[in-house]
Amino acid sequence: VRLEAEQVKAYREKGYLLLPNVFSDTAIERLNGQLPPLLADDSPRRVLERDGNTVRSLYGCHLDNEVFQSFTRHPAVLEPAAQLLEQTAYVYQFKINIKAAFTGDVWQWHQDLIYWVREDGLPGPHILNVVVFLDDVTEVNGPMFVVPGSQARGIIETPPIEAPPQERRSPYAGKPAWITNLIASIKYAIDKDTLASMIRGHGIESIKGPKGSVLIFDACLVHSSPPNLSPFDRRMMFLSYNGTKNIPVPTGERRPDFIVSRDHRALVPAVDPRFDQL
Ligand code: SIN
Ligand code: MN
């Protein structure tokens, strides 16, 4: 699955590309059908919302779930990633953000690359996100907000913010420091003045589409998402593909393998008929 020159140009300019209706409802149901046992499993890969009860994210599902593992090699997601990275790729990080009906909480404005460089020792920017919509994403269920063109600035130097006192209470009390990067108070949130001037210049777009749509976005794109006040879940699968020439060189303590995958072998695209396309 090769992107057209026009699509590559749009991606380089805006920092993202939305491909509506890539996967069939059957394919998406196959993926969603894997979720109940993962949601029920009390494991560190499962991150909860502040209520200590609702699941916010599931990490590393591709490591031992054969369906998700196979999906990461699907040509419709892997090939555009490798094409845009201009090298072979592997899954650096896998997560499903649930953004549950009524309770799914905010993601503050941030860039992804700053985490991967500062926390994991990623050498360069040859990494991107491919997001698969597991539900219809509309204006009411907490769509992603992006600042188009913001990726062109590269990393915006942001001082680390320590987790506020409420995050040190249950359910995160006593948990390792890295976990606060995964919950609603994040470490490298971009400051309001920087955001205001950037957004005056570039605006904000909200990224919406039917389930089965695919969003590809640059690791430096400034993005966020509001809470979900609707009765509809907003599940999204985030596949962060890294170039195989861009292997991290960790300096400090390494984050767990279910956050940063250490299997650096290039993925080979493989068609799996369970994931039919439209
Ligand atoms: C993210 O920034 O990694 C997640 C954003 C979202 O799920 O809305
Ligand atoms: Mn992000």
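What you see is a predicted model, and the numbers here were worked out from it, not measured in a lab.

Draft legend 1. Here's a closer look at the overall build of the chain. A count of helical and extended segments in the chain gives eight helices and 11 strands. Taken over the C-alpha trace, the chain has a radius of gyration of 18 Å; the compact-globule value for 278 residues is 19 Å, and the two agree within 12%. Overall size of the chain, expressed as C-alpha extent along the three principal axes, is 50 × 40 × 40 Å. Here the chain holds 278 residues, and the buried ones make up 55% of them. Of the contacts made within the chain by residues no fewer than 6 positions apart, 87% connect residues no fewer than 24 positions apart. Counting every atom, the chain has about 12200 Å² of accessible surface; 54% of that belongs to carbon and sulfur. Looking at charge distribution, the chain has the averaged site of its 30 positive side-chain charges lying 3 Å from that of its 33 negative ones.

Draft legend 2. Expanded view of the pattern of salt bridges. In the structure shown here, the tally under the stated rule is 16 salt bridges. Two residues, Asp64 and Arg45, come together in a salt bridge whose shortest N-O distance is 3.2 Å. Taken together, the residues span a long stretch of sequence, with Asp64 in the loop between β3 (55-59) and α4 (66-71) and Arg45 in the loop between α3 (35-40) and β2 (46-48) at a distance of 19 residues. Measuring nitrogen to oxygen at the nearest pair gives 2.7 Å for the salt bridge that ties Arg274 to Glu66. One end of the pair, Arg274, is in the segment after β11 (236-243); the other, Glu66, is in helix α4, with 208 residues separating them in the sequence. Here Arg274 falls in the partly exposed class, since its relative accessible area comes to 26%. Relative accessible area serves as the criterion here: at 47%, Glu66 is assigned to the partly exposed category. Taken together, the shared-partner salt bridges in this structure form one network comprising Glu66, Asp272 and Arg274.

Draft legend 3. Expanded view of the packing of aromatic side chains. If you walk through the whole model with that rule in mind, you get five aromatic pairs. Seen in terms of ring centroids, Phe68 and Phe94 are 5.5 Å apart; in terms of plane orientation they differ by 65 degrees. Their pairing is edge-to-face. Here Phe94 lies in strand β4 (residues 89-97) and Phe68 lies in helix α4, a separation of 26 residues in the sequence. With respect to class, Phe68 is no different from Phe94; both count as buried. The interplanar angle of 65 degrees and the centroid separation of 5.5 Å between the aromatic rings of Tyr92 and Trp116 together place this pair among those described as edge-to-face.

Draft legend 4. Structural context of the confidence of the model for the chain. On average, the chain scores 94 in pLDDT, and the residues at 70 or more come to 92%. Mean pLDDT across the elements of the chain bottoms out in helix α7 (residues 165-168) (56) and peaks in strand β9 (residues 214-218) (99).

Draft legend 5. Representation of the coordination of the manganese ion (ligand 2) within the structure. Within the protein, the manganese ion (ligand 2) binds to His110 (NE2), Asp112 (OD) and His223 (NE2); these donor distances fall in the range 2.1 to 2.2 Å. Spacing between the donor residues of the manganese ion (ligand 2) along the chain follows H-x1-D-x110-H. With a gap of 113 residues between them, His110 in strand β5 (residues 107-110) and His223 in strand β10 (residues 223-225) connect regions that are remote in the sequence.

Draft legend 6. Looking closely at the sheet that holds strand β7 (residues 144-146). Across the sheet, which stays open at both edges, the four strands sit in the order β5-β10-β7-β8 with antiparallel pairing between neighbours. If you trace the sheet from one side to the other, it starts and ends with β5 and β8 (205-207), each paired once. Neighbouring strand axes in the sheet, compared pairwise and without regard to direction, differ in orientation by 25 degrees on average. Bridge count between β5 and β10: two bridges; the pairing is antiparallel.

Draft legend 7. Summary view of the environment of Pro75. Tracing the sequence through the fold places Pro75 in helix α5 (residues 75-85). Overall, the relative accessible area of 10% leaves Pro75 in the buried class. The sequence separation of Pro75 and Val1 amounts to 74 residues, and the corresponding C-alpha distance is 6.0 Å. When residues no more than four places from it in sequence are discounted, the contact partners of Pro75 are Val1, Pro80, Pro269, Ala270 and Val271.

Draft legend 8. Region of the structure containing the sheet that holds strand β1 (residues 16-19). Across the sheet, seven strands lie side by side as β1-β9-β6-β11-β4-β3-β2; this open sheet has antiparallel pairing. Looking at the sheet topology across the chains shown, the edges are occupied by β1 and β2. The mean inter-strand angle of the sheet, taken between neighbouring strand axes irrespective of direction, is 20 degrees. Here strand β6 (residues 127-133) runs beside β9; their pairing, made up of five bridges, is antiparallel. Residue pairing in the sheet places Val131 in a bridge with Leu215 of β9.

Draft legend 9. Layout of the site of ligand 1. All residues in the neighbourhood of ligand 1 are listed as Lys95, Asn97, Trp107, His110, Met144, His223, Ser225, Arg234 and Phe238. Within the side chain of His110, one N or O atom sits 3.0 Å away from an oxygen atom of ligand 1. A distance of 2.6 Å separates an oxygen atom of ligand 1 from a polar atom in the side chain of Ser225. The fraction of the free accessible surface of ligand 1 (260 Å²) that becomes covered by protein chains is 99%.

Reading guide: rules and limits
Residues numbered from 1 in each chain as written. Chains lettered and ligands numbered in written order. Predicted model: local features only at pLDDT ≥ 70, side-chain atom pairs only at ≥ 80, totals over all residues. Heavy atoms only, no water. Helix = DSSP H or I, 4+ residues; strand = E, 2+ residues; numbered from the N terminus. Rg over C-alpha atoms; globule rule 2.2 N^0.38 Å. Buried < 20%, exposed > 50% of the residue type's maximum accessible area, 1.4 Å probe, protein only. Contact = heavy atoms within 4.5 Å. Areas by Shrake-Rupley, 256 points an atom, 1.4 Å probe, with all protein chains shown as cover. Lys, Arg positive; Asp, Glu negative; His and termini not counted. Charge placed at Lys NZ, Arg CZ, Asp CG, Glu CD. Salt bridge = Lys/Arg side-chain N within 4 Å of Asp/Glu carboxyl O. Phe/Tyr/Trp six-rings, centres within 6.5 Å; stacked < 30°, edge-to-face > 60°. pLDDT = per-residue confidence, 0-100. Donors = N, O, S within 2.8 Å, 3.2 Å for Na, K, Ca; no water. Pairing = 2+ DSSP bridges. Axes fitted to C-alpha atoms, helices over the stretch in contact; angles between N-to-C directions. Near = heavy atom within 4 Å. Polar contact = N/O pair within 3.5 Å; in protein donor to acceptor, adjacent residues only side chain to side chain.

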